[in-house]
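Listed below are the residues making up each chain.
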Amino acid sequence: MGTRSKWIAAAAALAAGLAVQFATVAPAQASVLTYDFTIDGCSSGCGATDYGTITVTDRAGNAGVDVSLTLISSAGLWSTGALDNQQLIFNLASVSGLTITGLPTGWSSSTGSFTPKGGFGTFDVALSCGSTCGKSAGVYKTFPLTFSITTASVHTSSFLIGTGSTNNAYFVADISNRVGSKTYTGRIGATLHHHVVPEPATLALLGAGLAGMGAMRRRKKAKAAA
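Every value quoted in this text rests on a predicted model; they were computed, and no experiment measured them.

Asks: Explain the overall build of the protein to me, please; I cannot follow it from the model alone.
Replies: When its secondary structure is counted, the protein shows 2 helices and 11 strands. When the helices and strands of the protein are read in sequence order from the N terminus, they spell out α-β-β-β-β-β-β-β-β-β-β-β-α.

Asks: When you look at the packing of aromatic side chains in this model, what are you seeing that I'm missing?
Replies: Any pair of aromatic rings gets described here by the distance separating the centres and the angle formed by the planes. Scanning all chains against the criterion turns up 6 aromatic pairs. Taken together, a centroid distance of 4.9 Å and an interplanar angle of 70° make the contact between tyrosine 35 and phenylalanine 171 edge-to-face. Here the residue tyrosine 35 occupies a position in strand S1 (residues 32-40), and phenylalanine 171 occupies one in strand S10 (residues 171-179), the gap between them amounting to 136 residues. Comparing tyrosine 35 with phenylalanine 171, the two get one shared label, buried. Ring centres 6.0 Å apart and planes at 15° place the aromatic pair phenylalanine 159 and phenylalanine 171 in the stacked group.

Asks: Which parts of the structure should I look at to understand the nonpolar core?
Replies: General note: in soluble globular proteins, nonpolar side chains tend to be found buried as a group. Formed by 35 residues in total, the largest nonpolar core has its most connected members in Phe37, Leu88, Phe90, Phe159 and Phe171. Among the elements that line this core, the one with the most residues is strand S3 (residues 65-71), at 4 residues. If you look at the next biggest cluster of nonpolar residues, it comprises 9 residues, including Ile89, Phe120, Phe123 and Ala126.

Asks: What exactly am I supposed to notice about the pairing of S10 here?
Replies: If a strand is regular, its side chains alternate between the two faces of the sheet. A large share of S10 lies buried, amounting to 7 of its 9 residues. Examined bridge by bridge, S10 and strand S11 (residues 182-196) share 9 bridges and lie antiparallel to one another. Bridged to arginine 178 within S11 is threonine 183. Here S10 hands over to S11 after 2 residues, with glycine 180 in that stretch at a positive phi of 65°.

Asks: Can you walk me through the state of the cysteines in this structure?
Replies: Simply put, the disulfide is a covalent bond whose two ends are the sulfur atoms of two cysteines. In the structure shown here, the tally under the stated rule is 1 disulfide. Note on cysteine connectivity: cysteine 42 is disulfide-linked to cysteine 46, with sulfurs 1.5 Å apart. Residues cysteine 42 and cysteine 46 share a disulfide whose torsion about the S-S bond is about 40°; that sign makes it right-handed. For cysteine 46, a relative accessible area of 0% gives the class buried.

Asks: Would you mind going over unusual backbone geometry with me for this structure?
Replies: Across residues other than glycine, the phi torsion is negative in most instances, and most of the peptide bonds are trans. In this structure, asparagine 62 takes a positive phi of about 55° despite not being glycine. On the secondary structure map, asparagine 62 appears in the loop between strand S2 (52-58) and S3.

Asks: Teacher, can you tell me more about the confidence of the model for the protein here?
Replies: Parts of the model with low pLDDT should not have their predicted coordinates read in detail. In the predicted model, the protein carries a mean pLDDT of 77, and the fraction of residues at 70 or more is 67%. Confidence over residues 14-28 falls short of pLDDT 50; this stretch has 10 contacts with residues more than four positions distant or in other chains. A low-confidence stretch, residues 201-206 stays under pLDDT 50, and its non-local contacts, those more than four residues away or across chains, total 6 contacts.

Asks: Would you mind going over the pattern of salt bridges with me for this structure?
Replies: Should the charged atoms of two oppositely charged side chains come close, the side chains can pair. For the structure shown, the criterion picks out 1 salt bridge. Residues aspartate 66 and arginine 59 are paired through a salt bridge, measuring 2.8 Å at the closest nitrogen-oxygen approach.

Asks: Please clarify how the pairing of strand S9 (residues 145-149) should be interpreted in this entry.
Replies: Judged by how many residues are buried, S9 sits mostly within the fold: 4 of 5 residues are covered. In this sheet, S9 lies alongside S3 in antiparallel orientation, the contact comprising 5 bridges. Bridge assignment links aspartate 66 to a residue of S9, and that residue is serine 148. Relative to S9, strand S6 (residues 100-101) runs antiparallel, the two sharing 2 bridges. The partner of isoleucine 100 across the bridge, within S9, is isoleucine 149.

Asks: Got a minute to help me understand the environment of valine 95 in this structure?
Replies: Turning to its location among the elements, valine 95 is positioned in the loop between strand S5 (88-90) and S6. Residue valine 95 is classed as partly exposed on the basis of its relative accessible area, which comes to 27%. In sequence terms valine 95 and valine 154 are 59 residues apart; their C-alpha atoms lie 8.7 Å from each other. Setting aside residues no more than four positions away along its own chain, valine 95 makes contact with Thr111, Asp124 and Val125.

Asks: I'm lost on the environment of threonine 115 in this one. Help?
Replies: Within the secondary structure layout, threonine 115 lies in the loop between strand S7 (108-114) and strand S8 (123-128). Of the residues examined, threonine 115 reaches a relative accessible area of 46% and is grouped as partly exposed. Distance in space between the C-alpha atoms of threonine 115 and leucine 83 is 7.3 Å, their sequence separation being 32 residues. The residues touching threonine 115, leaving out its near neighbours within four places in the chain, are Asp84, Gly121 and Thr122. A distance of 3.1 Å separates a polar atom in the side chain of threonine 115 from a polar atom in the side chain of threonine 122.

Thresholds, definitions, all that
Residues numbered from 1 in each chain as written. Predicted model: local features only at pLDDT ≥ 70, side-chain atom pairs only at ≥ 80, totals over all residues. Heavy atoms only, no water. Helix = DSSP H or I, 4+ residues; strand = E, 2+ residues; numbered from the N terminus. Phe/Tyr/Trp six-rings, centres within 6.5 Å; stacked < 30°, edge-to-face > 60°. Buried < 20%, exposed > 50% of the residue type's maximum accessible area, 1.4 Å probe, protein only. Core = buried A, V, L, I, M, F, W, Y, C linked by side-chain atoms within 4.5 Å. Pairing = 2+ DSSP bridges. Disulfide = S-S within 2.5 Å. pLDDT = per-residue confidence, 0-100. Contact = heavy atoms within 4.5 Å. Salt bridge = Lys/Arg side-chain N within 4 Å of Asp/Glu carboxyl O. Polar contact = N/O pair within 3.5 Å; in protein donor to acceptor, adjacent residues only side chain to side chain.

Right under this line is the structure:
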């Protein structure tokens, strides 16, 4: 085997060794889902074409997901009764032992069967703002609305399931949107916009191994020339 081939083989062996050594301790990089609220389910329209986004990110150490909802500045979550007095509903692959944390004061979560008006389908997880939003409290506008699902079995892939919805909505929200002097209320749906899965950490380790072996080779050449 030539000198160059030996260096390449050694670099590959070092990178493989590093991958084995760190695979059990290096945290997995997060997969990220982004959904856009572009489905207008209000009976007379909700006054816009794009109402905001929902981002779902895997937590480190297989500890569930973090969820963040942001709406346009003129809109907020509302309580019209269109979602059976829920403000946000969605589906998961499994809801057994579901734990949701980090919701604002007064909010609650529940599981069951939720079928909003407007042909969005049936969903099994719901969030409610209780008496903290709606006509008596005003529009909830403190965005982003963030919370975590800390059930270990829940990952971003848990959200990539069929909804049974004719318009392919993965999330449905009950909102109020004020445009000028007019206020629109009703349901909006979010469709999947983007799914990012980072490259495996082993590729980065391989690059680090090759760089390290290259540096060792340069130092050996420098010593031989001295």
